[in-house]
Amino acid sequence: MAPGCATPVFSPALVEPGEARFSVHAALAEVNAFRRSHGLKPLVLDQRLLRAAVMHANYQASRGAIGHRGAGGSKAEDRAERVGYRPILAAENVASGHKSFSEALRGWQGSAPHRRNLLLPDAEAAGIAVSYRGGRAYYTLVLGAER
(Lines give C-alpha, C1' and ligand atoms only; values in the text may rest on other atoms or scores of the structure.)
Protein backbone atom coordinates (compact mmCIF):
# COMPACT_ATOMS: atom_id res chain seq x y z
CA MET A 1 0.00 0.00 0.00
CA ALA A 2 1.35 3.44 -0.90
CA PRO A 3 2.46 5.79 1.90
CA GLY A 4 -0.38 7.94 3.18
CA CYS A 5 -3.09 5.50 2.06
CA ALA A 6 -5.64 4.27 4.55
CA THR A 7 -4.80 1.16 6.51
CA PRO A 8 -8.09 -0.67 7.08
CA VAL A 9 -8.74 -2.34 10.40
CA PHE A 10 -10.94 -5.41 9.99
CA SER A 11 -9.97 -7.39 13.10
CA PRO A 12 -11.29 -6.69 16.59
CA ALA A 13 -7.71 -6.37 17.83
CA LEU A 14 -4.80 -5.17 15.74
CA VAL A 15 -1.57 -3.39 16.56
CA GLU A 16 -1.54 -0.08 14.70
CA PRO A 17 0.53 3.10 14.76
CA GLY A 18 -0.44 5.64 17.38
CA GLU A 19 -2.28 3.14 19.56
CA ALA A 20 -0.62 0.19 21.26
CA ARG A 21 -3.64 -2.04 20.70
CA PHE A 22 -7.18 -1.31 19.56
CA SER A 23 -9.75 -3.79 20.79
CA VAL A 24 -13.38 -3.54 19.72
CA HIS A 25 -14.38 -5.38 22.89
CA ALA A 26 -12.42 -3.04 25.16
CA ALA A 27 -13.82 0.00 23.33
CA LEU A 28 -17.37 -1.31 23.71
CA ALA A 29 -16.72 -1.96 27.42
CA GLU A 30 -15.75 1.72 27.81
CA VAL A 31 -18.90 2.87 26.00
CA ASN A 32 -21.02 0.54 28.14
CA ALA A 33 -19.39 1.74 31.37
CA PHE A 34 -20.36 5.30 30.43
CA ARG A 35 -23.92 4.20 29.59
CA ARG A 36 -24.24 2.23 32.86
CA SER A 37 -23.05 5.26 34.84
CA HIS A 38 -26.14 7.03 33.44
CA GLY A 39 -28.53 4.18 34.22
CA LEU A 40 -28.70 2.82 30.66
CA LYS A 41 -28.51 -0.75 29.42
CA PRO A 42 -25.28 -1.92 27.80
CA LEU A 43 -24.94 -2.29 24.04
CA VAL A 44 -24.07 -5.58 22.37
CA LEU A 45 -21.52 -5.86 19.60
CA ASP A 46 -23.28 -6.45 16.28
CA GLN A 47 -21.08 -7.79 13.47
CA ARG A 48 -23.15 -5.95 10.84
CA LEU A 49 -22.73 -2.62 12.62
CA LEU A 50 -19.06 -3.48 13.03
CA ARG A 51 -18.84 -3.81 9.22
CA ALA A 52 -20.67 -0.49 8.79
CA ALA A 53 -18.23 1.17 11.20
CA VAL A 54 -15.24 -0.33 9.37
CA MET A 55 -16.67 0.86 6.06
CA HIS A 56 -16.98 4.43 7.30
CA ALA A 57 -13.69 4.53 9.21
CA ASN A 58 -11.92 3.35 6.06
CA TYR A 59 -13.74 5.93 3.92
CA GLN A 60 -12.75 8.74 6.28
CA ALA A 61 -9.13 7.61 6.37
CA SER A 62 -9.04 7.34 2.57
CA ARG A 63 -10.17 10.98 2.36
CA GLY A 64 -8.10 12.18 5.31
CA ALA A 65 -11.17 13.87 6.79
CA ILE A 66 -14.04 13.02 9.11
CA GLY A 67 -17.72 13.53 8.49
CA HIS A 68 -21.05 11.75 8.61
CA ARG A 69 -21.53 11.57 4.86
CA GLY A 70 -19.92 8.50 3.36
CA ALA A 71 -19.27 7.20 -0.12
CA GLY A 72 -21.99 8.35 -2.51
CA GLY A 73 -23.42 10.66 0.16
CA SER A 74 -24.47 7.76 2.40
CA LYS A 75 -25.62 8.31 5.97
CA ALA A 76 -25.20 6.01 8.98
CA GLU A 77 -28.63 4.46 8.35
CA ASP A 78 -27.75 3.77 4.70
CA ARG A 79 -24.50 2.04 5.67
CA ALA A 80 -26.27 -0.03 8.33
CA GLU A 81 -28.84 -1.18 5.78
CA ARG A 82 -26.10 -1.95 3.26
CA VAL A 83 -24.65 -4.56 5.63
CA GLY A 84 -28.02 -6.18 6.36
CA TYR A 85 -29.02 -4.32 9.52
CA ARG A 86 -32.67 -3.14 9.58
CA PRO A 87 -32.46 0.00 11.71
CA ILE A 88 -35.24 1.73 13.53
CA LEU A 89 -32.42 3.77 15.04
CA ALA A 90 -28.98 4.45 13.57
CA ALA A 91 -26.58 7.01 15.01
CA GLU A 92 -22.90 7.59 14.55
CA ASN A 93 -19.99 9.31 16.27
CA VAL A 94 -16.75 9.97 14.39
CA ALA A 95 -13.43 11.34 15.58
CA SER A 96 -9.89 11.79 14.37
CA GLY A 97 -6.56 12.87 15.75
CA HIS A 98 -6.97 11.22 19.13
CA LYS A 99 -4.16 9.03 20.44
CA SER A 100 -6.55 6.31 21.64
CA PHE A 101 -10.18 5.27 21.62
CA SER A 102 -10.39 6.32 25.28
CA GLU A 103 -9.36 9.84 24.31
CA ALA A 104 -11.91 9.93 21.46
CA LEU A 105 -14.62 8.71 23.86
CA ARG A 106 -13.77 11.46 26.36
CA GLY A 107 -14.12 13.97 23.52
CA TRP A 108 -17.54 12.60 22.61
CA GLN A 109 -18.63 12.72 26.25
CA GLY A 110 -17.84 16.43 26.31
CA SER A 111 -19.72 17.25 23.10
CA ALA A 112 -23.51 17.61 23.41
CA PRO A 113 -24.50 15.90 20.12
CA HIS A 114 -22.00 13.05 20.57
CA ARG A 115 -22.95 12.60 24.22
CA ARG A 116 -26.62 12.42 23.18
CA ASN A 117 -25.76 9.55 20.81
CA LEU A 118 -23.78 7.71 23.50
CA LEU A 119 -26.77 7.98 25.81
CA LEU A 120 -29.55 7.03 23.39
CA PRO A 121 -31.88 5.01 25.63
CA ASP A 122 -33.27 2.93 22.73
CA ALA A 123 -29.87 1.93 21.33
CA GLU A 124 -29.28 -1.82 21.62
CA ALA A 125 -26.17 -2.57 19.56
CA ALA A 126 -22.96 -1.03 18.31
CA GLY A 127 -20.04 -1.42 15.98
CA ILE A 128 -16.72 0.36 16.51
CA ALA A 129 -13.79 0.66 14.13
CA VAL A 130 -10.61 2.60 13.54
CA SER A 131 -8.65 3.09 10.35
CA TYR A 132 -5.33 4.88 9.87
CA ARG A 133 -3.83 7.21 7.32
CA GLY A 134 -0.28 8.35 7.84
CA GLY A 135 -0.46 7.27 11.49
CA ARG A 136 -3.61 9.35 12.13
CA ALA A 137 -6.57 7.44 13.56
CA TYR A 138 -10.12 7.76 12.20
CA TYR A 139 -12.68 6.37 14.67
CA THR A 140 -16.28 5.44 13.95
CA LEU A 141 -18.89 4.31 16.46
CA VAL A 142 -22.24 3.18 15.04
CA LEU A 143 -25.16 2.68 17.43
CA GLY A 144 -28.41 1.06 16.46
CA ALA A 145 -31.66 -0.67 17.22
CA GLU A 146 -33.27 -3.04 14.76
CA ARG A 147 -36.84 -3.69 13.64
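Residues numbered from 1 in each chain as written. Predicted model: local features only at pLDDT ≥ 70, side-chain atom pairs only at ≥ 80, totals over all residues. Heavy atoms only, no water.

Trainee: Is there a simple way to explain the environment of arginine 51 in this structure?
Mentor: Looking at the element boundaries, arginine 51 is found in helix H2 (residues 47-63). The class for arginine 51 is partly exposed, based on a relative accessible area of 44%. Distance in space between the C-alpha atoms of arginine 51 and arginine 79 is 8.9 Å, their sequence separation being 28 residues. (Helix = DSSP H or I, 4+ residues; strand = E, 2+ residues; numbered from the N terminus. Buried < 20%, exposed > 50% of the residue type's maximum accessible area, 1.4 Å probe, protein only.)

Trainee: Teacher, can you tell me more about the nonpolar core here?
Mentor: For soluble globular proteins, the rule of thumb is that nonpolar side chains tend to be buried together. Counting 38 residues, the largest nonpolar core has Phe22, Val31, Phe101, Trp108, Ile128, Tyr139 and Leu141 as the members making the most contacts within it. Elements with a contribution of two residues or more to this core: helix H1 (24-36), H2, strand E5 (87-96), helix H4 (101-109), strand E6 (125-133) and strand E7 (136-146). (Core = buried A, V, L, I, M, F, W, Y, C linked by side-chain atoms within 4.5 Å.)

Trainee: Got a minute to help me understand the packing of H1 against H4 in this structure?
Mentor: Packing of H1 against H4 brings their axes to within 10 Å, and their N-to-C directions diverge by 30 degrees. Classified by the interaxial angle, the pair formed by H1 and H4 is roughly parallel. The hand of the H1/H4 crossing is right-handed. Two secondary-structure elements touch here, H1 through Ala27, Glu30, Val31 and Phe34 and H4 through Phe101, Ser102, Leu105 and Gln109. Broken down by class, the residue content of the contact of H1 with H4 amounts to five nonpolar, two polar and one charged. (Axes fitted to C-alpha atoms, helices over the stretch in contact; angles between N-to-C directions. Parallel < 35°, antiparallel > 145°, perpendicular 65-115°, else oblique. Left-handed = near helix turned anticlockwise from the far one by under 90°. Contact = heavy atoms within 4.5 Å. Nonpolar A, V, L, I, M, F, W, Y, C, P; charged D, E, K, R; others polar.)

So yeah, pure geometry; function would need other evidence.
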